[in-house]
Each structure stands twice: as structure tokens, then as C-alpha cells.
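Residues per chain are reported as follows:
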Amino acid sequence: MGVVYRAIDRLSGHPVALKQVLVPPELLDFMTPSRTEDFYLGLAREFQSLASLRHPNIISVYDYGFDDRRQPFLVMELLEGALEIPMVPVAFTEQINLLLQMFEAINYLHHRGIIHRDLKPSNVLVVQQTNYQVKVLDFGLSIKHGEQGDAEGTLGYIAPEVLQGGSPSTRADLYAAGVIACELFTGQQPFSASSL
């Protein structure tokens, strides 16, 4: 979808992550599609919605906009030294704590009507400098609850009902979280997912 750069916020002097979206804007799907609304206005509203998410276990979006070629970008919290959740070498009780943090983030999203649709280890990172704080990120495939959607995401984390043509729901996010939990405890996914 794009590329992420380490950048410096000129106002604060702090490092940030700058995600430049390289997909042509008209090919992007976003949570609030409208046939009557200007595409760029709709995308700006989408970014505003993501920037409004405030939870300690969800990556913070500080700013958003469009460059001089009208390509969208996001300025986010920089997660230096973060590891994918199954890769964090911690004891069982700390693994439970990591899962609780992940589920708190998912609960927060679901109460705001957002279905992530791409929960997987690379989108659930753990920042070690902050006493193992979980951060859920990458909302590129997220949709509003009740919207129709295709079987998008990462094979192995997509719920069976979605693979069979059903619409994504909050249950699909919980399925993906269960697969992540299985990986965290056993080191492997519960099912082989090398092909559809």
C-alpha cells in the first residue's frame, strides 16, 4: 500500500513515522465510501476518523494530508524496537497480559463500529521500552460494522465464514485474535494455510 519513513516532527522535534500511500487514491477502499461525496473529502474524513482513535493499545495518528501529487499520507507514532506479538520472549503471565491489551484495543474498535479485518502478528506489535505495551496498527482494510466486504486480509487469519463468502464481522476479528493467541502460546497457527 505504501512506504513508511522515520521522520522528525518539526514542531516537537520528536521522531515520527510518515506513511506515504503509493496506491492511486481512486483505487483505495475506505470505511466511509459515498457516491455523492468528493473522493478526497471522503478520504480526509476517513483519516480524521483514524486520527480520532485514542487508546493506549492503538497506534496514534498525529496528522494526515495529501502531498503535491494528491497522494495521501499519515503521520503516526514511531514504534522503534517493536516486535510482533508472538516474537516477544516473555513468561506465560506476561503473554496473558499482552493478549489482554490486544483484546482491549479490539474491544475499543468494535465499540466504535470499526472492524479491523487484518489482525495478524505484523499488525499487533509490542513496544519493549514501555513495559511491553501492545499497539494495534494498519487500518488499511478496516470497515464500518455492517458494511459488506470481500474476503480480504491475510490467509491463516481470515475467519472461515468470511472465506466462504460471508461478510466480515466483529467475530472475524476475534477469530484472527484467537489465531494470534495460538501462535503466541504454541509457536504455530492452528491450521495450515498455505493456499485457499
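Refer to the preceding data block for the structure.
Attention in this report is confined to the structure presented alongside it. (Residues numbered from 1 in each chain as written. Predicted model: local features only at pLDDT ≥ 70, side-chain atom pairs only at ≥ 80, totals over all residues. Heavy atoms only, no water.)

Observations regarding empty space enclosed by the protein
Counted under the stated rule, the structure contains one cavity of 30 Å³ or more. Quantified by volume, the largest cavity comes out at close to 130 Å³. Taken together, 17 residues make up the lining of the largest cavity; nearest its centre are Arg117, Glu152, Tyr157, Ile158 and Ala172. Per element, the largest residue contribution to the lining of the largest cavity is three residues, and it comes from helix α4 (residues 170-186). (1 Å grid on protein atoms, 1.4 Å probe; cavity = no way out; pocket = protein on both sides within 12 Å on 5 of 7 lines; lining within 4 Å. Points joined across faces, edges and corners; volume = space filled by probe spheres on them. Helix = DSSP H or I, 4+ residues; strand = E, 2+ residues; numbered from the N terminus.)

A look at the packing of helix α2 (residues 92-111) against α4
Here α2 crosses α4 at 165 degrees, and the two axes come no closer than 11 Å. On the basis of the axis angle, α2 is roughly antiparallel to α4. Our pair here, α2 against α4, has a crossing hand that is right-handed. Together, Phe92, Gln95, Ile96, Leu99, Met102, Phe103, Ile106 and His110 of α2 and Thr170, Asp173, Leu174, Ala177, Ile180, Ala181, Leu184 and Phe185 of α4 make up the contact between the two elements. A class-by-class count of the residues in the contact of α2 with α4 yields 12 nonpolar, three polar and one charged. (Axes fitted to C-alpha atoms, helices over the stretch in contact; angles between N-to-C directions. Parallel < 35°, antiparallel > 145°, perpendicular 65-115°, else oblique. Left-handed = near helix turned anticlockwise from the far one by under 90°. Contact = heavy atoms within 4.5 Å. Nonpolar A, V, L, I, M, F, W, Y, C, P; charged D, E, K, R; others polar.)

With respect to the sheet that holds strand β8 (residues 133-136)
Spatial ordering of the open sheet is given by β5-β7-β8, a layout of three strands whose pairing is antiparallel. At either margin of the open sheet sits one strand with a lone partner, and together these are β5 (83-84) and β8. Running at roughly 35 degrees to β8, α2 makes contact with β7 (124-127) and β8 of the sheet. (Pairing = 2+ DSSP bridges.)

A look at the side chain of Gln95
As for its position among the elements, Gln95 is in helix α2. Excluding residues that lie within four positions of it along the chain, Gln95 makes contacts with Val90, Leu184 and Phe185.

Describing the packing of aromatic side chains
Evaluated as defined, the whole model comprises one aromatic pair. On the numbers, 5.5 Å between centres and 35 degrees between planes, the contact of Phe92 with Phe185 is tilted. Taken together, the positions of Phe92 in helix α2 and Phe185 in helix α4 put the pair 93 residues apart, joining distant regions of the chain. The exposure class of Phe185 is partly exposed, given its relative accessible area of 37%. Sitting above the plane of the Tyr108 ring, Arg112 keeps its charged end 3.7 Å from the centroid. (Phe/Tyr/Trp six-rings, centres within 6.5 Å; stacked < 30°, edge-to-face > 60°. Buried < 20%, exposed > 50% of the residue type's maximum accessible area, 1.4 Å probe, protein only. Lys NZ or Arg CZ within 6 Å of the ring centre and 35° of its normal.)

Quick notes on α4
Quick reminder: α-helices carry 3.6 residues per turn. Residues three or four places apart thus point the same way. The end-to-end C-alpha distance of α4 is 24 Å, a good match for the 24 Å that 17 residues give at a rise of 1.5 Å each. Those residues of α4 that are buried lie in contact with α2, β6 (114-115), β7 and α3 (160-163). Two residues or fewer after α4 comes Gly187, characterised by a positive phi angle close to 85 degrees. (Expected span 1.5 Å × (residues − 1).)

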